[in-house]
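The primary structure of each chain is shown beneath.
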Amino acid sequence: MKSPFPGMDPWLEAHWGDVHTRLIVDASNQVQRQLPEGLKARVEEYIVVESDDERPHGYYPDVRVTERSDAPFASGGAAAGVAVADPLVVYVPPAEPQTLRRLLIVDRTSGNRLVTVVEILGPANKGPKAGRRAYRRKQQELLAGDVNLVEIDLLRGGSYVLSFPEDVLPRAYRKPYRICVRRAGQPDRAEIYRASFREPLPGIRVPLRETDADVALDLQTMIERAYADGGYDDLDYAEDPVPPLRGKDAEWADQLLREAGRR
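About the cut-offs
Residues numbered from 1 in each chain as written. Predicted model: local features only at pLDDT ≥ 70, side-chain atom pairs only at ≥ 80, totals over all residues. Heavy atoms only, no water. Buried < 20%, exposed > 50% of the residue type's maximum accessible area, 1.4 Å probe, protein only. Helix = DSSP H or I, 4+ residues; strand = E, 2+ residues; numbered from the N terminus. Pairing = 2+ DSSP bridges. pLDDT = per-residue confidence, 0-100. Contact = heavy atoms within 4.5 Å. Axes fitted to C-alpha atoms, helices over the stretch in contact; angles between N-to-C directions. Parallel < 35°, antiparallel > 145°, perpendicular 65-115°, else oblique. Left-handed = near helix turned anticlockwise from the far one by under 90°. Polar contact = N/O pair within 3.5 Å; in protein donor to acceptor, adjacent residues only side chain to side chain. Expected span 1.5 Å × (residues − 1). Arc of directions from axis to C-beta. Core = buried A, V, L, I, M, F, W, Y, C linked by side-chain atoms within 4.5 Å. Salt bridge = Lys/Arg side-chain N within 4 Å of Asp/Glu carboxyl O.

A. Main features of the pairing of strand β5 (residues 177-182). The buried fraction of β5 is high, at six of six residues. What you see with β5 is no split at all: Tyr177, Ile179 and Val181 on one side and Arg178, Cys180 and Arg182 on the other are buried throughout. Where strand β4 (residues 148-153) and β5 come together, five bridges link them in antiparallel fashion. Paired with Leu149 across the bridge in β5 is Arg182. Sheet topology places β5 next to strand β6 (residues 191-195); five bridges connect them, and they run antiparallel.

Now the structure itself:
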């Protein structure tokens with residue numbers, strides 16, 4: 001069963017760890033098939049460590065394998081003759097850094113020079129201060145280093161972190177989701193795409209070397225495949241998404257879901 005939404009499905013945002021990975025791999029596969037000779041697409045993992053005494057937003061993998069001992073407490077005598085109760089034992093998952101992924105396009109003919117970075121933003125980029133600062137530093141390094149930067153923000157929650165000022169956008173482009181393309185050598189320009197859950201996500205242009213034609217990235221197909229391959233046809237649309245929709249968006253989504261028989 002397909003998502004009832006013609007564009008981005010807001011209910012997928014609560015499962016972003018899985019969805020993000022599927023999108024990055026799909027994007028790499030799409031781009032790889034279009035690249036000219038000498039360029040390769042690679043998925044890179046990197047680590048984000050939270051700090052600032054902020055509570056992480058909890059988008060860690062939902063499945064992990066651990067080794068533990070379930071041996072019961074020794075039934076020795078109580079100290080000083082005091083009878084003690086058996087406690088409930090719970091296992092606290094270790095604090096661990098988040099592993100994020102991004103798509104790199106490298107030039108194999110120039111010593112693996114970095115040509116383009118495609119970032120699909122996650123909660124760590126938009127949430128805690130440390131994550132936002134680290135992402136903005138990375139933005140500046142890439143833009144200063146003559147690297148193309150494609151930023152895809154399909155999360156309504158968190159702070160605004162894209163590499164252009166939000167207040168310069170016309171109202172018609174202030175959609176819940178945002179895509180920005182920055183081309184190397186054109187620091188005074190940003191290409192903005194509108195994205196919503198009310199209409200299909202756009203196909204976007206991904207820049208390469210100056211002498212190469214752009215390649216295309218079909219965002220809507222990526223979301224549809226992530227939904228199908230991830231088995232998200234069992235999402236509970238009776239509950240609000242996280243974060244919840246408000247006002248006219250909530251009313252529109254409610255009508256859509258009822259007409260589709262999903263609420």
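B. Spatial organisation of the confidence of the model for the protein. Confidence along the protein averages 85 in pLDDT terms, with 79% of residues attaining 70 or more. Low pLDDT, under 50, characterises residues 50-76; the predicted model gives this stretch 27 contacts beyond four residues in sequence or across chains.

C. Up close: the environment of Ala14. Positionally, Ala14 belongs in the segment before α1 (16-32). Separated by 228 residues in the primary sequence, Ala14 and Val242 have C-alpha atoms spaced 5.8 Å apart.

D. Summary view of the environment of Ser28. For Ser28, the location among the structural elements is in helix α1. Once the C-alpha coordinates of Ser28 and Arg42 are considered, the two residues, 14 residues apart in sequence, prove to be 6.8 Å apart. Beyond its immediate stretch of four places on either side in the chain, Ser28 contacts Ala41, Val43 and Leu103.

E. Geometry of the pairing of strand β7 (residues 203-206). Only one face of β7 is buried, namely the one carrying Ile204 and Val206, since none of Gly203 and Arg205 on the opposite face is buried. In this sheet, strand β8 (residues 215-218) lies alongside β7 in antiparallel orientation, the contact comprising four bridges. Considered in β8, the bridge of Ile204 is made with Leu217.

F. Expanded view of the packing of α1 against helix α4 (residues 219-229). Viewed as axis vectors pointing N to C, α1 and α4 meet at an angle of 130°, and their least axial separation amounts to 9 Å. Put simply, α1 runs oblique to α4. Pair α1 / α4 crosses with right-handed handedness. The residues of α4 that touch α1, namely those facing Val19, Arg22, Leu23, Asp26, Ala27 and Gln30, are Thr221, Met222, Ile223, Arg225, Ala226 and Asp229.

G. Looking closely at the side chain of Arg102. Mapped onto the fold, Arg102 is located in strand β2 (residues 98-107). Among the polar contacts listed, one links the side chain of Arg102 to the side chain of Glu119, at a separation of 3.5 Å.

H. Representation of helix α5 (residues 247-259) in the model. The first and last C-alpha atoms of α5 sit 19 Å apart over 13 residues, in line with the 18 Å expected at 1.5 Å per residue. Taken residue by residue, α5 has Ala253, Leu256 and Leu257 as its buried positions. End-on, the buried residues of α5 take up no more than an arc of 95°, which puts them together on one face. In α5, those exposed residues whose orientation departs by more than 90 degrees from the buried face are Lys248, Glu251, Arg258 and Glu259. Looking one or two residues beyond α5, the residue adopting positive phi is Gly261, at roughly 70°.

I. The arrangement of helix α3 (residues 129-144) in detail. Over its 16 residues, α3 runs 22 Å from end to end, which matches the ideal 22 Å to within 8%, given 1.5 Å per residue. For α3, the complete set of buried residues consists of Ala130, Gly131, Tyr135, Lys138, Gln139 and Leu142. Phi turns positive, to about 65°, at Asp146, one or two residues after α3.

J. A look at the nonpolar core. Formed by 46 residues in total, the largest nonpolar core has its most connected members in Leu23, Ile152, Leu154 and Leu217. Among the elements that make up this core, the one with the highest residue count is α1 (six residues). The residues touching Leu217, leaving out its near neighbours within four places in the chain, are Ala27, Gln30, Val31, Ile152, Pro202, Gly203, Ile204, Val206 and Met222. Core analysis: the second largest hydrophobic core is formed by eight residues, Leu121, Phe164, Leu169 and Cys180 among them.

K. How the structure looks around the pattern of salt bridges. Throughout the structure, instances matching the rule amount to 16 salt bridges. Glu44 is paired through a salt bridge with Arg102; the nearest N and O atoms lie 2.6 Å apart. Of the two residues, Glu44 sits in strand β1 (residues 39-48) while Arg102 sits in strand β2, which places them 58 residues apart along the sequence. Since its relative accessible area comes to 26%, Glu44 is described here as partly exposed. We note a salt bridge from Glu119 to Lys138, for which the minimum N-O separation is 2.8 Å. Here Lys138 lies in helix α3 and Glu119 lies in strand β3 (residues 113-120), a separation of 19 residues in the sequence. By the burial criterion, Glu119 is buried, and Lys138 matches it.

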